[in-house]
Amino acid sequence: MTGRAHAAQDYRGFLDSVRSEAIRNGIASGVVDRALALTRQPNAHVLQLDRHQPEFTLTWAQYRARVIGTTRISQGRAAFTARAAQLNGIGAQYGVDPRVIVGIWGLESGFGRKIGTFSVIDSLATLAFDGRRAAFFRSELLKSLQILNAGDISPEGMLGSYAGAMGQPQFMPSAYLRYAADGNGDGRRDIWTNEQDVFASIANYLARCGWQADQPWGQPVTLTRDIPQTMTGRGQQKTLGEWATLGVRRADGRAFSRPTVEGALLRPDGPGTEAFIVYRNFNVIRRYNPSDYYALGVGLLGYAVA
């Protein structure tokens, strides 16, 4: 038997074991068979992308230019304007800032235009069979079969990134099972094509992770004198009154209106560069993606487009 034939046989054996486990977990055999028919052999492109993730790191200024450029802001303004009633309604329902919902939507899928073209089943099966985190991806594969069993999406319609992040909000299957919401009341949670479900799912994610209604995520600030970098970072909480005595002002140079509120000073690129005060809701955005750059990008994009 050739190496390729042996690998194919191994993959078939792997899929058989997934099939058996899924059926033991109560998933209909017809659903499992239809889904696993979408993957015949490990997807070489998925493995290439997984093994050659770029190592370079961007500065905050470079990241900001990449994710909050003029094109994305203009696309976002048009998208928000066309859906303002929908976004404001869902924001009010879940107690979440609609600008942050649209910021996540914009960063994750370009306001729904780029959800990924990979079959989630094929990607997850490939990475579960031959990836760096096989156990994690096997668990996600089984959860994706659970989603299909509920009838929310067809196996062929379950599209996403090479790593299995799905639909317009780019939820992994485990996040989908925990947070996806039926925004239009049709009994399905369609985060691929139904914007009402997309917005409700993002809002539900943030609400369940502790979003505080009517509170900001943060704000740009100016510094009237230098503050050591060691005093910056999410763990260095002070009241706005205390920050003010150290020379921190609102972006327009005025004093803070609520001096007893606690926040942290972020200056991602170091002294002399952009600075922000961030609050508890900033950490909630980081639950979606644990990166200060990401959370700043979401907040600033949402403010820019709405």
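Scroll up for the structure.
Position labels on residues start from 1 in each chain and follow its written sequence. pLDDT decides what is reported in this predicted model: residues at 70 or higher carry local features, side-chain atom pairs at 80 or more are listed and counted, and totals for whole chains, interfaces and linings draw on all residues regardless. Computation of side-chain values: all heavy atoms of the structure, hydrogens and water removed.

**Re the pairing of strand 3 (residues 218–223)**
Here's step 1: If DSSP finds at least two bridges between two strands, the strands pair. Helix and strand assignments come from DSSP, with helices taken as H or I runs of at least 4 residues and strands as E runs of at least 2, each series counted from the N terminus. Alignment of strand 3 against strand 7 (residues 275–278), held across four bridges, turns out to be antiparallel. Its bridge partner being in strand 7, Gly218 is matched across the sheet by Val278.
Here's step 2: The pairing of strand 3 with strand 5 (residues 248–250) spans three bridges and is classified as antiparallel. By the bridge assignment for strand 5, Leu223 is matched with Val248.

**Focus on the packing of aromatic side chains**
Here's step 1: Two aromatic rings, drawn from Phe, Tyr or Trp (for Trp, its six-membered ring), form a pair once their centres lie within 6.5 Å of each other, and the interplanar angle then sorts them: stacked below 30 degrees, edge-to-face above 60, tilted otherwise. One pass over the full model with this rule turns up 18 aromatic pairs.
Here's step 2: Consider the rings of Tyr63 and Tyr293, whose centres lie 5.5 Å apart with planes at 40 degrees: the pair is tilted. In this pair, Tyr63 is assigned in helix 4 (residues 60–67) and Tyr293 in helix 14 (residues 292–305), connecting sequence segments 230 residues apart.
Here's step 3: Buried means the residue's accessible area, taken with a 1.4 Å probe over protein chains only, is under 20% of the maximum for its type, while exposed means over 50%, and partly exposed covers the values in between. Tyr63 gets classed as buried once you look at its relative accessible area, which sits at 15%.
Here's step 4: Members of the aromatic cluster, connected to one another through ring pairs, are Phe171, Tyr179, Tyr205, Tyr288 and Tyr294.
Here's step 5: Across from the ring centre of Trp243, 5.8 Å away, lies the NZ or CZ of Lys238, which sits over that ring. Here, over-ring charges are defined by two tests on the NZ atom of lysine or the CZ atom of arginine: distance to the ring centre within 6 Å, and angle to the ring normal within 35 degrees.

**Some words on the pattern of salt bridges**
Here's step 1: The salt bridge definition used is simple: a Lys or Arg side-chain nitrogen within 4 Å of an Asp or Glu carboxyl oxygen. For the structure on display, the rule yields 14 salt bridges.
Here's step 2: The shortest N-O distance in the salt bridge between Asp50 and Arg132 comes to 2.9 Å. Pair noted here: Asp50 is in helix 3 (residues 44–51) and Arg132 is in the loop between helix 8 (120–130) and helix 9 (134–150), with a separation of 82 residues, a long-range link.
Here's step 3: With a shortest N-O distance of 3.7 Å, Asp152 and Arg189 are connected by a salt bridge. Residue Asp152 is located in the loop between helix 9 and strand 2 (159–160), and its partner Arg189 is located in the loop between helix 10 (173–179) and helix 11 (195–208); the two are separated by 37 residues in the primary sequence.
Here's step 4: What emerges from the salt-bridge pattern is a single network uniting Arg234, Arg286 and Asp292.

**So, the sheet that holds strand 4 (residues 237–239)**
Here's step 1: Spatially, 4-6-7-3-5 is the arrangement adopted by the five strands of the open sheet, whose pairing is antiparallel. Edge positions in the sheet fall to strand 4 and strand 5, since each has one partner strand and no second. Direction aside, the axes of adjacent strands within the sheet are offset by 45 degrees on average.
Here's step 2: Relative to strand 7, strand 6 (residues 262–266) runs antiparallel, the two sharing three bridges. Note that in strand 7 the partner of Ala264 across the bridge is Val278. Convention adopted: a line fitted to C-alpha atoms gives each axis, helices being fitted over their contacting stretch, and angles between N-to-C directions are expressed from 0 to 180 degrees.

**Things to note about the packing of helix 5 (residues 70–82) against helix 14**
Here's step 1: Across the interface, helix 5 lies against helix 14 with an axial gap of 8 Å and an inter-helix angle of 60 degrees. Looking at the two axes, helix 5 sits oblique to helix 14. The two elements helix 5 and helix 14 meet at a crossing, and its hand is right-handed. Across from Arg72, Ile73, Gly76, Arg77 and Phe80 in helix 5, the residues of helix 14 making contact are Leu301, Ala304 and Val305.
Here's step 2: Residues of the contact of helix 5 with helix 14, tallied by class, amount to five nonpolar, one polar and two charged. Roughly parallel covers angles under 35 degrees, roughly antiparallel covers those over 145, roughly perpendicular covers 65 to 115, and oblique covers all other angles. Each crossing is labelled by how the near helix is turned from the far one, with a counterclockwise turn of less than a right angle marking it left-handed and a clockwise turn marking it right-handed. Only heavy atoms enter the contact rule, under which two residues are in contact if any of them lie within 4.5 Å. Three classes are used, and their members are as follows: Ala, Val, Leu, Ile, Met, Phe, Trp, Tyr, Cys and Pro are nonpolar, Asp, Glu, Lys and Arg are charged, and the others, Gly among them, are polar.

**A closer look at the side chain of Asn194**
Here's step 1: In this structure, Asn194 sits in the loop between helix 10 and helix 11.
Here's step 2: For Asn194, a relative accessible area of 16% puts it in the buried group.
Here's step 3: Within the local environment of Asn194, its side chain forms a polar contact with the backbone nitrogen of Gln196, the two atoms lying 3.0 Å apart. Between N or O atoms, a polar contact is any pair within 3.5 Å; within protein, one atom must be a potential hydrogen donor and the other a potential acceptor, and residues adjacent in sequence are included only when both atoms are from side chains.

**A closer look at the packing of helix 13 (residues 280–288) against helix 14**
Here's step 1: Packing of helix 13 against helix 14 leaves a shortest axis separation of 9 Å and a crossing angle of 110 degrees. Of the possible angle classes, the one that applies to helix 13 and helix 14 is roughly perpendicular. Viewed along their axes, helix 13 and helix 14 form a crossing whose handedness is right-handed. Across the interface between the two elements, Phe282, Ile285, Arg286 and Tyr288 from helix 13 touch Asp292, Tyr294, Ala295, Leu296 and Val298 from helix 14.

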